[in-house]
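Spelled out, the chains give:
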Amino acid sequence: MIVPLEHVLILAAILFVLGLVGVLAWRSNIIMMLIGIEVMLNAAMLVFVGGAARWNVDGQIFALMIMAMTSAEVSLALALVVYLQRRKKTVNADAFSEMQG
């Protein structure tokens, strides 16, 4: 492995924290929340690939599964955002308080 596993884990942790901060900081904007979730999933995928390179296991398969899951999540979430935009004329999550249990 050319890059040490510790560097991969540090980068993944930084990405995960940035995604978490993005989700928490822009809780009112649905699109920014989705971007933050995508960054966190990419951090998890980076850990899987780094671990697979280190221990010669099939982490790339998990990474491909995460890619498939995120592409499905993005398509469904963007469809939901378009629907909510047309219904309420905003993507502000606070405008959708009636959706809470």
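Residues numbered from 1 in each chain as written. Predicted model: local features only at pLDDT ≥ 70, side-chain atom pairs only at ≥ 80, totals over all residues. Heavy atoms only, no water.

Given a rise of 1.5 Å per residue, 21 residues ought to cover 30 Å, and the 30 Å separating the end C-alpha atoms of helix H1 (residues 5-25) matches this to within 8%. Of the residues making up H1, those classed as buried are Leu5, Val8, Ala12, Gly19, Gly22 and Val23. When H1 is viewed along its axis, its buried side chains cluster within an angular range of 115 degrees and face the same direction. Structural note: H1 exposes Leu18, Leu24 and Ala25 on the side pointing more than 90 degrees away from its buried face. The inward-facing, buried residues of H1 contact helix H2 (30-55). (Helix = DSSP H or I, 4+ residues; strand = E, 2+ residues; numbered from the N terminus. Expected span 1.5 Å × (residues − 1). Buried < 20%, exposed > 50% of the residue type's maximum accessible area, 1.4 Å probe, protein only. Arc of directions from axis to C-beta. Contact = heavy atoms within 4.5 Å.)

We now examine the UniProt feature "transmembrane region" (unreviewed entry) in the chain. UniProt annotation of "transmembrane region" (unreviewed entry) refers to residues 6-26, 33-55 and 61-84 when read in the numbering used here. Secondary structure content for residues 33-55 is 100% helix and 0% strand, while the C-alpha to C-alpha distance between its ends is 33 Å. Along residues 61-84 the backbone is 100% helical and 0% strand, and the end-to-end C-alpha distance reaches 34 Å. (UniProt positions renumbered as here; feature names shortened; annotations may be inferred.)

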